[in-house]
Amino acid sequence: MNANSAAGEGGGDRRAGRRRLAPERSRQQILDAATALVAEHGPDAVTLAQVAAAAGVTRGLVSHYFGTHRGLVREVLRAEDARHRERVRARVADDAGVPYAARMLDVVFATLDDERYLRLWAWSALHPEHGTLATDGLAGIADMMEAGLRAALPADRVPSRDRIEAVLLLGMSGAYGYALGGRSWQSALGHDPDDAARSAAFRSALSAAVAAYLVGEETA
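Conventions and cut-offs
- Residues numbered from 1 in each chain as written.
- Predicted model: local features only at pLDDT ≥ 70, side-chain atom pairs only at ≥ 80, totals over all residues.
- Heavy atoms only, no water.
- Helix = DSSP H or I, 4+ residues; strand = E, 2+ residues; numbered from the N terminus.
- Expected span 1.5 Å × (residues − 1).
- Buried < 20%, exposed > 50% of the residue type's maximum accessible area, 1.4 Å probe, protein only.
- Arc of directions from axis to C-beta.
- Polar contact = N/O pair within 3.5 Å; in protein donor to acceptor, adjacent residues only side chain to side chain.
- Phe/Tyr/Trp six-rings, centres within 6.5 Å; stacked < 30°, edge-to-face > 60°.
- Lys NZ or Arg CZ within 6 Å of the ring centre and 35° of its normal.
- Axes fitted to C-alpha atoms, helices over the stretch in contact; angles between N-to-C directions.
- Parallel < 35°, antiparallel > 145°, perpendicular 65-115°, else oblique.
- Left-handed = near helix turned anticlockwise from the far one by under 90°.
- Contact = heavy atoms within 4.5 Å.
- Nonpolar A, V, L, I, M, F, W, Y, C, P; charged D, E, K, R; others polar.
- Salt bridge = Lys/Arg side-chain N within 4 Å of Asp/Glu carboxyl O.

Trainee: Explain helix 9 (residues 196-215) to me, using residue names and the numbers behind them.
Mentor: When the terminal C-alpha atoms of helix 9 are compared, their 29 Å separation across 20 residues agrees well with the 28 Å that a helix rising 1.5 Å per residue should span. If you check which residues of helix 9 are buried, you get Leu 206, Ser 207, Val 210 and Leu 214. Relative to the axis of helix 9, the buried residues are bounded by an arc of 100° and lie together on one face. Taking the backbone nitrogen of Ala 197 as reference, a side-chain oxygen 3.0 Å away marks Asp 195 as the first, capping residue of helix 9.

Trainee: Run through the packing of aromatic side chains, naming residues and quoting values.
Mentor: Applying the stated criterion across every chain yields a total of 1 aromatic pair. When the ring of Tyr 178 is compared with that of Phe 202, the centres are 4.1 Å apart and the planes differ by 15°; the resulting orientation is stacked. Within this pair, whereas Tyr 178 is found in helix 8 (residues 161-188), its partner Phe 202 is found in helix 9, the two being separated by 24 residues in sequence. Sitting over the face of the ring of Tyr 213, Arg 163 holds its NZ or CZ atom 4.2 Å from the ring centroid.

Trainee: Requested: an account of the packing of helix 7 (residues 138-152) against helix 8, with residues and values cited.
Mentor: The geometry of helix 7 relative to helix 8 is characterised by a closest axis approach of 10 Å and an angle of 125° between their N-to-C directions. When the axes of helix 7 and helix 8 are compared, the pair comes out oblique. As helix 7 runs across helix 8, the sense of the crossing is right-handed. Residues Leu 138, Ala 139, Ile 141, Ala 142, Asp 143, Met 145, Glu 146 and Leu 149 of helix 7 lie in contact with helix 8, whose contacting residues are Arg 161, Ile 164, Glu 165, Leu 168, Leu 169 and Met 172. By residue class, the composition of the contact of helix 7 with helix 8 is 10 nonpolar, no polar and 4 charged.

Trainee: Could you give an account of the pattern of salt bridges, with specific residues and numbers?
Mentor: When charged atoms on two side chains of opposite charge get close, those side chains can pair. By the definition in use, this model includes 7 salt bridges. Asp 143 is paired through a salt bridge with Arg 161; the nearest N and O atoms lie 2.8 Å apart. With Asp 143 in helix 7 and Arg 161 in helix 8, the pair connects residues that are 18 residues apart, well separated along the chain. Asp 194 serves as the salt-bridge partner of Arg 183, at 2.4 Å between the closest nitrogen and oxygen. Placement of Arg 183 in helix 8 and of Asp 194 in the loop between helix 8 and helix 9 is noted, with a sequence separation of 11 residues between them. A single network of salt bridges, built from pairs that share partners, joins Asp 143, Glu 146, Arg 150, Arg 161 and Glu 165.

Shape is all these values report; function is a separate question.
Below, the structure written as structure tokens:
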């Protein structure tokens, strides 16, 4: 009796464990479907019903986990932002904790090679009420850079916080701007927009410029 009861209880626990995992899996399945649709069509063109159909769930379940359309879009942006920050953390680890400006720009450009992320970033920049993709963690990136530089350089050679932040803004502005308009700008200058060498040359020039500014002399 007790043995059967214990077995039943154990089975119940296992089944409960599976049920506890099911909502998490369902939520992630919906989020994955929403991310793909939002990246392809833009958040304004995607409905909760479309997300539900793509995820193979009911519309009510989408609302249960994410509430409104705005809530779902916010979670999509947060997930993409987290993915971006993980790339930054991985790069800092690869650089032994010293994220110099030129190498950090490699992370930005690698991120921008992800067309899904770029489309979501562009939309988010035009809809700040939803939160700004890739900038929620910007202060944290500056913190990592500052800590790494302090660990690697003599105290009198560590750039000021203002200079570190300026490097982040310069680098991200140049990288994101080029990602959005570089092809048309190259064409306007009479160059082949598909010439990878020209894009590589721009990346190199931007990285060299911001890296030189980071370690340059402070100006009045």
